[in-house]
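The lines below spell out each chain.
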Amino acid sequence: MSKMTITDLSNLEGKVVFVRVDFNVPLKNGEISDDNRIVAALPTINYLKNQGARVVLFSHLGKVDHKDSEKCAADKAKNDMKFVAPRLAALLNEEIVYIDETRGDKLTNAVKNLKNGQVLLMQNTRYEKGESKNDPELSAYWASLADAFVMDAFGSAHRAHASTYGVPELLNKEGKPTALGFLMQKEVEGLNRCVDITDDNRPFVAILGGAKVSDKILVVEKLIEKADKVIIGGAITCTFLKALGYPVGNSRYEADQLDFALKCVEEAKAKNKLVLPIDHVIANDFAMPIDVRVTDGVVIPDGFERLDIGPRTREYYAKILANAKTVFWNGPMGVFENPLFADGTISICETLTKLTKEKGTFTVIGGGDSAAAAAQFGYKEGFSHVSTGGGASLELIQNDGHLPGIDVIADK
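Residues numbered from 1 in each chain as written. Predicted model: local features only at pLDDT ≥ 70, side-chain atom pairs only at ≥ 80, totals over all residues. Heavy atoms only, no water.

Focus: the sheet that holds strand S8 (residues 178-180)
Operational definition: When DSSP finds at least two bridges between two strands, those strands are taken to pair. Helix and strand assignments follow DSSP, with helices taken as H or I runs no shorter than four residues and strands as E runs no shorter than two, numbered in order from the N terminus. Every axis in this analysis is a line fitted to C-alpha atoms, fitted for helices over the stretch in contact. Angles between the N-to-C directions lie between 0 and 180 degrees.
Read from one edge of the open sheet, 6 strands run S5-S6-S4-S1-S7-S8, paired in parallel fashion. Every other strand in the sheet has two partners, leaving strand S5 (97-99) and S8 as the edge strands with one partner each. The sheet shows a mean angle of 20° between the axes of neighbouring strands, direction not considered. Bridge count between S5 and strand S6 (residues 119-122): 3 bridges; the pairing is parallel. Within the sheet, the bridge partner assigned to Tyr98 lies in S6 and is Leu121.

Focus on the layout of surface pockets
Cut-off, in case you're wondering: Points on a 1 Å grid, built from protein atoms alone, make a cavity when a 1.4 Å probe fits but cannot get out and make a pocket when they are open with protein on both sides within 12 Å along at least 5 of 7 lines; residues with an atom within 4 Å of a point are the lining residues. Grid points are joined across faces, edges and corners, and a volume is the space filled by probe spheres set on the points. Side-chain classes follow a simple rule in which Ala, Val, Leu, Ile, Met, Phe, Trp, Tyr, Cys and Pro form the nonpolar group, Asp, Glu, Lys and Arg form the charged group, and the remainder, Gly included, forms the polar group.
Taken as a whole, the largest pocket encloses approximately 1000 Å³ of empty space. Around the largest pocket, the lining comprises 36 residues; the ones closest to its centre are Ala371, Lys380, Val386, Ser387 and Thr388. Elements with a minimum of two residues in the lining of the largest pocket: helix H1 (36-50), helix H7 (182-192), helix H13 (368-376), strand S17 (385-386) and helix H14 (390-398). Here the second largest pocket defines a volume of roughly 540 Å³. Together, 20 residues line the second largest pocket, and Gly210, Ala211, Ala235, Phe286 and Val335 are the ones closest to its centre. Examining the composition of the lining of the second largest pocket, we find that 3 residues originate from one element, strand S14 (residues 305-309), more than from any other. Looking at side-chain class alone, the lining of the second largest pocket contains 9 nonpolar, 4 polar and 7 charged residues.

Observations concerning empty space enclosed by the protein
A complete count under the given rule lists 1 cavity of 30 Å³ or more for this structure. Roughly 30 Å³ of volume is contained in the largest cavity. Forming the boundary of the largest cavity are Asp22, Arg37, Asp152, Phe154, Leu183 and Thr388. Its residues assigned to classes, the lining of the largest cavity shows 2 nonpolar, 1 polar and 3 charged.

Some points on the environment of Asn172
The line we're drawing: Exposure is judged per residue with a 1.4 Å probe applied to protein chains only, and the accessible area is read against the type maximum: over 50% gives exposed, under 20% gives buried, and values in between give partly exposed. Residue contacts follow a heavy-atom distance rule, with two residues in contact if any of their heavy atoms lie within 4.5 Å.
Tracing the backbone through its elements, the reader meets Asn172 in helix H6 (residues 162-173). For Asn172, a relative accessible area of 28% gives the class partly exposed. Separated by 123 residues in the primary sequence, Asn172 and Lys49 have C-alpha atoms spaced 23 Å apart. Ignoring any residue separated from it by four or fewer positions in sequence, one finds Asn172 in contact with Thr178, Val408 and Ala410.

Description of the pairing of strand S4 (residues 54-58)
In terms of burial, S4 is largely enclosed, as 4 of its 5 residues are buried. Sheet topology places strand S1 (residues 16-20) next to S4; 5 bridges connect them, and they run parallel. Paired with Val19 across the bridge in S4 is Leu57. The pairing of S4 with S6 spans 3 bridges and is parallel. The partner of Val55 across the bridge, within S6, is Val119.

A closer look at H13
What counts is decided by this rule: The arc under discussion is defined with respect to the helix axis, by the directions toward the C-beta atoms.
The complete set of buried residues in H13 reads Ser370, Ala371, Ala373 and Ala374. On an axial view of H13, the arc spanned by its buried residues comes to 160°, and they lie on one face. Along its buried surface, H13 packs onto strand S15 (326-330), helix H12 (343-359), strand S16 (362-365) and S17. Two residues or fewer after H13 comes Gly378, characterised by a positive phi angle close to 85°.

Digging into the pattern of salt bridges
Let me state the cut-off plainly: We count a salt bridge whenever a side-chain nitrogen from Lys or Arg sits within 4 Å of a carboxyl oxygen from Asp or Glu.
Going through the model one piece at a time under the given rule, you end up with 19 salt bridges. In this structure, Lys49 engages Glu94 in a salt bridge whose closest nitrogen and oxygen atoms are separated by 2.9 Å. Of this pair, Lys49 sits in helix H1 while Glu94 sits in the loop between helix H3 (85-92) and S5, and the two are 45 residues apart along the sequence. A relative accessible area of 16% places Lys49 in the buried class. Residue Arg103 is joined to Glu137 by a salt bridge in which the shortest nitrogen-to-oxygen separation is 3.8 Å. Of this pair, Arg103 sits in the loop between S5 and helix H4 (105-112) while Glu137 sits in helix H5 (residues 136-144), placing them 34 residues apart in sequence.

Focus on unusual backbone geometry
Pro203 follows Arg202 through a cis peptide bond whose omega is 5°. In this fold, Pro203 is placed in the loop between H7 and strand S9 (204-208). Look at Asn29: it is not a glycine, yet its phi comes out positive at around 55°. Its identity as a non-glycine residue notwithstanding, Asn272 has a phi of 50°, on the positive side. The residue Asn272 is located in the loop between helix H10 (258-269) and strand S11 (274-275) in this model. Relative accessible area serves as the criterion here: at 52%, Asn272 is assigned to the exposed category.

Details of the nonpolar core
The condition is simple: We call a set of buried residues a nonpolar core when its members are Ala, Val, Leu, Ile, Met, Phe, Trp, Tyr or Cys and they connect through side-chain atoms within 4.5 Å of each other.
Counting residues in each nonpolar core, the largest one holds 65 residues, and the members touching the most others are Phe18, Leu120, Trp142, Leu223, Val230, Phe240 and Phe328. Considering each element in turn, this core owes the most residues, 6 residues, to H10. The contact partners of Leu223, leaving out residues within four places of it in the chain, are Phe204, Ala206, Leu208, Val230, Phe328 and Ile397. Counting 31 residues, the second largest nonpolar core, distinct from the first, contains Ile38, Leu42, Leu92 and Val119.

Some remarks on the state of the cysteines
Test applied: Note on terminology: pairs of cysteine sulfur atoms within 2.5 Å are recorded as disulfides.
For the structure shown, the criterion picks out 0 disulfides. Among the cysteines around Cys264, which has no disulfide bond, Cys238 carries the closest sulfur, lying 16 Å off. Since its relative accessible area comes to 1%, Cys264 is described here as buried.

So, in structure tokens, the structure goes:
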């Protein structure tokens, strides 16, 4: 890897190291329902502690609407980092310093008074209006407190914010070290295997599902260019089918993306790259599915919605994947939250984890709902790499391995 990594940093004892982590955990009434993102940051935090660094952690949590004062106050109350601090302390098995501010004397003094190996967590970076705008003044303040910077928030690496880009950019100019943390290093190395495809790693098969083609326009084009096959599933199927002139019943599709979908089909036709479902699981209603059927072909009749890939498609996709050496998957095959429409997504999990175990296929889940589904059905550990950032993983692939939060880190 050409970027500086955490193990390249030296003489860290007594140095203040700002670490951009991803503690954007799901909260309900102040309770954390899933602490995976905190757990994922522990190797980097513990390494720095063991090196005698003074560790300052900062992260965003949820969204804060600064345009409406009442909404802003409510968002801040709901997304207060004080809810995260106790869980972090429990996972580290020690007390941490929690500062409920993002700037000012209280934070400045707390950072200066940190002991070697001690951890400080500051308030939600999005309490600052200038965070998402990469405000130079805010970046300069945070950078003034740091001797070094470690980027370990892959889920935010596609955003050029003050905490992900502004701070390391300034430290680079000052000759202070910037590096990728262990989580970032793992993400970059894993996903770059889907960016820099060698002949030895082919066939390369991409699987794209989810709801909206518009969310995946650039990555669809890039994967048609890079992959040997691009398998389509999920609700985006209907936009492709509609573009090809097939009836989609009551299924949702993106009318403004029909030309793009048709363009993708035409681009992929010469090399037979794009693969669409050959049957579907459909129902009369998404919310109250009383009449659930499997179609004979691709046509979806009036009064029905497409909610999963069908059994023949599951077999068809498994055969295509059988010889793959590299697979990138982003987006479920159906509405997996409902057991009636989970078989397609489960079949992809089964197929890919079996290939990983038996054939050594390098299998990557590009974060998001696919990762959630793999975890829910007990398959997460069977994949070669499960990304922590859905949007970031897609952007990294469509940008040939480049993201603002990676590019800003110093080269070796």
